[in-house]
Amino acid sequence: MTDDEGLIGTVARGTGGVWHVVTADGTVHEVSMRGRLKKADVGRRVGGTIRRDTAAAARDVLKLAVGDRVRLEPDERGSTLAIAEILPRTSRLARRAPAGARGERVLAANVDQVVLVFAAARPEPHPRMLDRFLVIAEANDLPARIVVNKVDLVDLAEAEARFAAYPRAGYPVHLTSAKRGDGMEELRRVLGGRTSVLTGPSGTGKSSLINALFPGLDLRVGEISASVNKGRHTTVGASLHALPGAAGGFVVDTPGLREVGMWELPVESLDRCFPEIRAVRDQCRFADCRHGVEPDCAVRAAVARGDVDVARYESYLKLSEELASEKPVW
Ligand code: GDP
Ligand code: ZN
């Protein structure tokens, strides 16, 4: 896409000051930040005060992320293209809440949805891990959906029953088999035209699904491996892949999602990150109820009635305990 002032593109990856920006025609431009924008980075003082525009630009530069829409213009020498402007974001996936908090690290910008891929079997689904990822999506105000892949290995009705708490909480669940073809058209439809962060445990079939849906994309989706989850903070950059086909859209692979520390969420915000708990929490007797042992707790009452799934409630308690103790148990 072009307009009067330049070329608009989407940041696909970035390493060592070089950013790959993909434009609407599919061209990947390897560009750097334009000098003028870069200098703003130092937050230069003018007449004793930091100029507002400079400070704002500095924040933008520091936070340029995969998924950002940028305007490319010829650099000062007029020879090559460079990033001249970062367009306003619609959303972001970051490791800190609330948005804009000091030290916030944006993993991906302009994300429309988080797609969590688990397997019906091999490996066995791990509901606590699923709930943790849903909390991360909620904390970032991003809609999430769940893909239960490898349904060819199990009884379909059983798989559906096993994940029944999620559609009831508002999360769409898609039963798929990359091998047999179940649910593939539906998955193609929900990915099309949007920017999706795709993640899930290792071996659940993320790469198989993407490669079956979009042959030629040849995507090797990053994995959440058990060893990495033990608190090692390896930073691997996110990457964005344009989906072929008329609908367009992007899939973002963010290995960094595994280090989105849940423990950076204030514990008192956790109940709002479970939609079905959020729906009843205001009816608790105490405004600061943690829904554990407090009297007249509307959340426990909802669990007793069956309106809140017991396993989801247990996830809430477990994560709440973890946040309060600041000891991540990935
Ligand atoms: P990723 O680590 O999530 O990217 O998973 P892969 O796509 O690499 O798949 C892991 C393994 O599961 C591979 O051996 C795939 O062939 C297999 N696999 C992927 N999808 C399915 C499926 O729908 N059914 C079955 N039975 N196996 C699958
Ligand atoms: Zn309560």
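For the structure itself, look to the data block above.
Heads up: these notes are all about the structure in this document. Here the structure is a predicted model, which is why all the values come from computation and not from measurement. (Residues numbered from 1 in each chain as written. Chains lettered and ligands numbered in written order. Predicted model: local features only at pLDDT ≥ 70, side-chain atom pairs only at ≥ 80, totals over all residues. Heavy atoms only, no water.)

**What to know about the packing of aromatic side chains**
For any pair of aromatic rings, the description consists of the separation of the ring centres together with the inter-plane angle of the planes. Convention followed: Each Phe, Tyr or Trp ring (for Trp, its six-membered ring) is paired with any other whose centre lies within 6.5 Å, and the angle between the two planes then decides the class: stacked below 30 degrees, edge-to-face above 60, tilted in between. Burial here depends on accessible area, computed with a 1.4 Å probe over protein chains only, as a share of the maximum for the residue type. Under 20% is buried, over 50% is exposed, and the range in between is partly exposed. Only DSSP runs of H or I covering at least 4 residues are called helices, and only runs of E covering at least 2 are called strands; the numbering of each starts at the N terminus.
In this structure the tally under the stated criterion is 2 aromatic pairs. Centre to centre, the rings of Phe163 and Tyr166 are 6.2 Å apart; their planes meet at 45 degrees, and the pair counts as tilted. As far as the burial class goes, Phe163 and Tyr166 line up, both buried. Ring geometry for Phe274 versus Tyr316: centroids 5.8 Å apart, planes at 90 degrees, classification edge-to-face. Of the two residues, Phe274 sits in the loop between strand S16 (250-253) and helix H8 (275-278) while Tyr316 sits in helix H10 (residues 310-325), which places them 42 residues apart along the sequence. For Tyr316, a relative accessible area of 1% translates into the label buried.

**Regarding the coordination of the zinc ion (ligand 2)**
We count it as follows: Atoms are scored as donors when they are N, O or S and lie within 2.8 Å of the metal, with 3.2 Å used for Na, K and Ca; no water is included, so coordination may look incomplete.
The protein atoms donating to the zinc ion (ligand 2) are Cys284 (SG), Cys289 (SG), His291 (ND1) and Cys297 (SG), with metal-donor distances spanning 2.1 to 2.4 Å. Taken in chain order, the donor set of the zinc ion (ligand 2) reads C-x4-C-x1-H-x5-C. In terms of burial, Cys289 and Cys297 fall into one category: buried.

**Comments concerning the sheet that holds S16**
Quick reminder of the rule: For two strands to be treated as a pair, DSSP must find no fewer than two bridges joining them. Axis lines are fitted through C-alpha atoms, for helices just across the contact stretch, and the angle between N-to-C directions can take any value from 0 to 180 degrees. Contacts were defined at the residue level, with two residues in contact if any of their heavy atoms lie within 4.5 Å.
In spatial order, the strands read S13-S12-S11-S14-S16-S15; together these 6 strands make up an open sheet with mixed pairing. Across the chains shown, the open sheet's two edge strands, defined by having one partner strand only, are strand S13 (173-175) and strand S15 (239-242). This sheet shows a mean twist of 25 degrees between the axes of neighbouring strands, independent of strand direction. The pairing of strand S11 (residues 113-119) with strand S14 (residues 195-199) spans 4 bridges and is parallel. Bridged to Val115 within S14 is Leu198. Of the strands in this sheet, S11, strand S12 (144-149), S13 and S14 touch helix H6 (residues 184-191), which is tilted by about 155 degrees from S11. Sheet contacts for helix H7 (residues 206-213): S11, S12, S14 and S16; angle to S14, the most-contacted strand, approximately 140 degrees.

**Side note on the packing of H6 against H7**
Put simply, the rule is: Angles are sorted into four bins: roughly parallel if under 35 degrees, roughly antiparallel if over 145, roughly perpendicular if 65 to 115, and oblique for all others. All amino acids are sorted into three groups, where Ala, Val, Leu, Ile, Met, Phe, Trp, Tyr, Cys and Pro are nonpolar, Asp, Glu, Lys and Arg are charged, and the leftover types, Gly among them, are polar.
Packing of H6 against H7 leaves a shortest axis separation of 10 Å and a crossing angle of 85 degrees. Here H7 runs roughly perpendicular to H6, going by the angle between their axes. Residues Met184, Leu187, Arg188 and Leu191 of H6 form the contact with H7, whose own contacting residues are Leu209, Ile210, Ala212 and Leu213. A class-by-class count of the residues in the contact of H6 with H7 yields 7 nonpolar, no polar and 1 charged.

**Structural notes on the packing of helix H3 (residues 127-139) against H10**
Condition: Handedness of a crossing follows from how the near helix is turned relative to the far one, being left-handed for an anticlockwise turn of less than a right angle and right-handed for a clockwise one.
The N-to-C vectors of H3 and H10 enclose an angle of 70 degrees; their axes lie 10 Å apart at closest approach. Classified by the angle between their axes, H3 and H10 sit roughly perpendicular to one another. Note on packing geometry: the crossing formed by H3 with H10 is right-handed. Contact with H3, carried on its side by Arg128, Asp131, Arg132, Leu134 and Val135, involves Ala311, Arg312, Glu314, Ser315, Lys318, Leu319 and Glu322 of H10 and no other residues of that element. Partitioning the contact of H3 with H10 into residue classes produces 4 nonpolar, 1 polar and 7 charged.

**Describing unusual backbone geometry**
Backbone torsion omega between Arg122 and Pro123 reads 0 degrees, so that peptide bond is classified as cis. Within the fold, Pro123 resides in the loop between S11 and H3. In this structure, Asn110 takes a positive phi of about 55 degrees despite not being glycine. Position of Asn110 among the secondary structure elements: in the loop between strand S10 (106-109) and S11. The exposure class of Asn110 is buried, given its relative accessible area of 11%. Unusually for a residue other than glycine, Lys150 sits at a positive phi of about 65 degrees.

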